[in-house]
Amino acid sequence: MNYWLFKSEPDVFSIDDLKAVASEPWDGVRNYQARNFMRDDMKKGDLGFFYHSNTKEPGIYGILKIVREGYPDHTAFDKTAKYFDPKSKKEKPTWYMVDVKFVKKFKKPVLLSEMKDMPALAEMKLLQKGNRLSVMPVDPKNFKYIESLTSSLPKT
DNA sequence: GCCAACGTTGGC
DNA sequence: GCCAACGTTGGC
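Now for a look at the structure at hand. (Residues numbered from 1 in each chain as written. Chains lettered and ligands numbered in written order. Predicted model: local features only at pLDDT ≥ 70, side-chain atom pairs only at ≥ 80, totals over all residues. Heavy atoms only, no water.)

Quick notes on the protein's contact with DNA strand C
In the region of DNA strand C, the neighbouring residues are Tyr32, Lys87, Lys129, Gly130 and Arg132. Across the atoms of DNA strand C situated within 4 Å of the protein, the share located in sugar and phosphate is 61%. Residue Lys87 places a side-chain N or O atom 3.4 Å away from a phosphate oxygen belonging to DNA strand C. In this structure, Lys129 approaches DNA strand C through a side-chain N or O atom, which is 3.0 Å from a phosphate oxygen. Taken together, the residues of the surface near DNA strand C sort by class into one nonpolar, one polar and three charged. (Near = heavy atom within 4 Å. Polar contact = N/O pair within 3.5 Å; in protein donor to acceptor, adjacent residues only side chain to side chain. Nonpolar A, V, L, I, M, F, W, Y, C, P; charged D, E, K, R; others polar.)

So this is what it looks like as structure tokens:
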């Protein structure tokens, strides 16, 4: 089982938006590395963090699950769509997406500012300088560590 | 194939 | 709003 991180701007699509739907196609990714992860590596049942970017408090707000493996992102074929890409052909699609489903929202998010101070997460891709991938793998150790932060009892 | 120019991402 | 980092584009 692999673990992932999905970035989204909460003004556009937040974890509460995901909670409100049965499942959601993760469309609009137009980066080859991210495309490869979705097309080749994500498997049904994999879990991912839901990360809020470009907002006052960037961080991980909850967990989602892959419910459909990579298939062509049809919004690339739609001239009227925001992420239309004339180079992507139906016979040979350039862009792929997966469907994801809400699993849970953390009581308190794990903020980027907090993660930066955690030695255990020093190697995490998300925290590397200049990283701009909107979809990326997360080391299972890091995934479990972060998840455990959210379920531990408050310190006395 | 190189690389400058440009556009985008995303934290601050 | 600023700007660093990065990806893409296009001229040569």
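Topic: the protein's contact with DNA strand B
Neighbouring DNA strand B are the residues Lys7, Tyr51, Ser53, Asn54, Pro58, Leu112, Lys116, Arg132 and Leu133. Among the atoms of DNA strand B lying within 4 Å of the protein, the sugar-phosphate backbone contributes 75%. The separation between a phosphate oxygen of DNA strand B and a polar side-chain atom of Lys7 is 2.8 Å. Take Asn54: an N or O atom from its main chain is 2.9 Å from a phosphate oxygen of DNA strand B.

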